[in-house]
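Observations on the model geometry
The primary structure of each chain is shown beneath.
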Amino acid sequence: MKRLFLAFMAMMMMSTGALAQSAQQVLDKCAALVSTPDGATANFTMSSAQYGNASGTISIKGQKFYMHSNVSTMWFDGTTLWTYVAQNEEVNISTPTAQQLQSLNPYHFINLYKQGYTMTMTPSSTAYTVHLTSTDSQKKISEAFVTVSKENYAPKEIKLLQGNKWTTFTVSGLKAERQDDAKFRFKSSDYPDAELIDLR
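So, here's what we can say about the structure. It should be emphasised that the depicted structure is a prediction, and the values quoted were computed from it without experimental measurement.

Looking only at helices and strands, the protein has two helices and twelve strands in total. By the burial criterion, 38% of the 200 residues in the protein qualify as buried. Taking contacts inside the protein between residues at least 6 apart in sequence as the whole, the part at least 24 apart equals 48%. For the protein, the exposed surface amounts to about 11,400 Å²; the carbon and sulfur share of it is 52%.

As a further point, take the pattern of salt bridges. Taken as a whole and judged by the stated rule, the model has five salt bridges. As a salt-bridge pair, K64 and D181 come within 3.4 Å of each other at their nearest N and O atoms. Taken together, the positions of K64 in strand β3 (residues 64-69) and D181 in the loop between β11 (165-176) and β12 (195-198) put the pair 117 residues apart, joining distant regions of the chain. Across the salt bridge formed by K175 and E177, the nearest N and O atoms sit 3.5 Å from each other.

A separate point is unusual backbone geometry. We note that E89 has phi near 55 degrees; this positive angle belongs to a residue other than glycine. You will see that Y153, though not glycine, has its phi angle at about 65 degrees, which is positive. Tracing the backbone through its elements, the reader meets Y153 in the loop between β9 (141-149) and β10 (155-162). Given the relative accessible area of 21%, Y153 is considered partly exposed.

With respect to the secondary-structure elements, K183 resides in the loop between β11 and β12. Residues K183 and K64, spaced 119 residues apart in sequence, show a C-alpha to C-alpha distance of 9.4 Å. Among residues more than four places away in sequence, those in contact with K183 are S59, Y66 and W75.

Turning our attention to the pairing of β11. Sheet analysis places strand β1 (residues 40-48) next to β11, joined by eight bridges and oriented antiparallel. Within the sheet, the bridge partner assigned to S47 lies in β11 and is T168. In this sheet, β11 lies alongside β10 in antiparallel orientation, the contact comprising six bridges. Bridging from a neighbouring strand, E157 pairs with T170 of β11. Adjacent in sequence and paired antiparallel, β10 and β11 are bridged by two residues, among which G163 carries a positive phi angle near 70 degrees.

Here we come to the pairing of β3. Alignment of strand β2 (residues 52-61) against β3, held across six bridges, turns out to be antiparallel. Each bridged residue has a counterpart across the sheet, and for I60 the counterpart in β3 is F65. Where β2 hands over to β3, the hairpin turn is made up of two residues, of which G62 adopts a positive phi near 65 degrees. Summarising the sheet, β3 and strand β4 (residues 73-76) pair through four bridges and their orientation is antiparallel. Considered in β4, the bridge of F65 is made with F76.

Our focus in this paragraph is the sheet that holds strand β6 (residues 90-94). Taken in spatial order, the twelve strands make up an open sheet running β7-β8-β9-β10-β11-β1-β2-β3-β4-β5-β6-β12, and their pairing is mixed. Pairing within the sheet leaves two strands with one partner each, and these edge strands are β7 (117-123) and β12. Adjacent strand axes in the sheet meet at a mean angle of 20 degrees when their direction is disregarded.

Counting residues in each nonpolar core, the largest one holds 37 residues, and the members touching the most others are L27, F65, Y107 and L132. Among the elements that take part in this core, helix α1 (residues 2-34) stands out by supplying six residues, more than any other. Those residues in contact with L132 that sit more than four places away from it in its chain are L27, L112, Y113, Y117, T118, M119, S142, E143, A144 and V146. One finds Y66, W82, F184 and F186 within the second-largest nonpolar core, a separate group that totals nine residues.

Procedures and definitions
- Throughout, residues of each chain are indexed from 1 in the direction in which the sequence is written.
- With the structure being a predicted model, the display of local features is reserved for residues of pLDDT at least 70 and the display and counting of side-chain atom pairs for 80 or more, all residues being used for whole-chain, interface and lining totals.
- Side-chain figures throughout are based on the complete set of non-hydrogen atoms in the structure, without hydrogens or water.
- Labels follow the DSSP assignment, with helices taken as runs of H or I lasting at least four residues and strands as runs of E lasting at least two, numbered in each case from the N terminus.
- For the exposure calls, accessible area comes from a 1.4 Å probe over protein chains only, and a residue counts as buried if that area is under 20% of its type's maximum, exposed if over 50%, partly exposed in between.
- Only heavy atoms matter for contacts: two residues are in contact if any of them lie within 4.5 Å across the pair.
- Values of accessible area rely on a 1.4 Å probe in the Shrake-Rupley scheme; residue burial ignores everything except the protein chains shown.
- When a carboxyl oxygen of Asp or Glu is within 4 Å of a side-chain nitrogen of Lys or Arg, the pair counts as a salt bridge.
- The pairing criterion is simple: DSSP has to find at least two bridges between the two strands.
- Lines fitted to the C-alpha atoms define the axes, with helices restricted to the stretch that makes contact. Angles between their N-to-C directions range from 0 to 180 degrees.
- Here, the term nonpolar core denotes a set of buried Ala, Val, Leu, Ile, Met, Phe, Trp, Tyr and Cys residues that are joined through side-chain atoms within 4.5 Å.

That's the geometry; what it means functionally is another story.
As structure tokens, then:
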């Protein structure tokens with residue numbers, strides 16, 4: 001009986017290890033797809049109890065991103081963030097922290113798994129859903145679900161828990177596409193009537 005129990009426990013441990021490894025492999029492939037050197041574009045929708053709802057397009061290249069939605073437009077060149085809100089005709093200029101960027105760029109969440117999170121995975125017929133749980137109580141995002149297509153490892157949905165509020169990004173139409181670096185910097189000449197507010 002004892003041997004049977006030990007054999008069962010060994011099988012459970014092997015199974016858990018294989019699942020965690022598979023979850024990491026899935027997210028590695030997803031991150032590689034998103035992190036193409038020349039850049040990529042995609043469509044997104046956001047539903048958030050904290051930030052409201054939005055939809056639009058996003059372009060990324062390394063740490064840089066440009067996001068245009070029905071609520072605002074953001075440019076991030078790797079250091080400086082410009083946020084244009086049409087309703088107020090204002091452009092806020094800031095230098096965001098890594099944690100603040102996690103709340104802004106949907107693709108920043110793809111790399112969460114690399115440090116400070118444990119992983120489990122639930123496959124379906126068309127996708128893998130990886131559940132991330134923080135091992136650090138100081139993490140701004142304590143829990144996340146990343147759903148990845150089985151067909152091409154593209155992200156389909158990213159669901160994040162910050163405090164006690166969930167934010168969900170749905171992603172579609174991801175394609176590798178060369179991005180000019182100028183796209184990630186705000187041009188004041190394109191918004192001559194906007195008030196610039198420097199928060200740095």
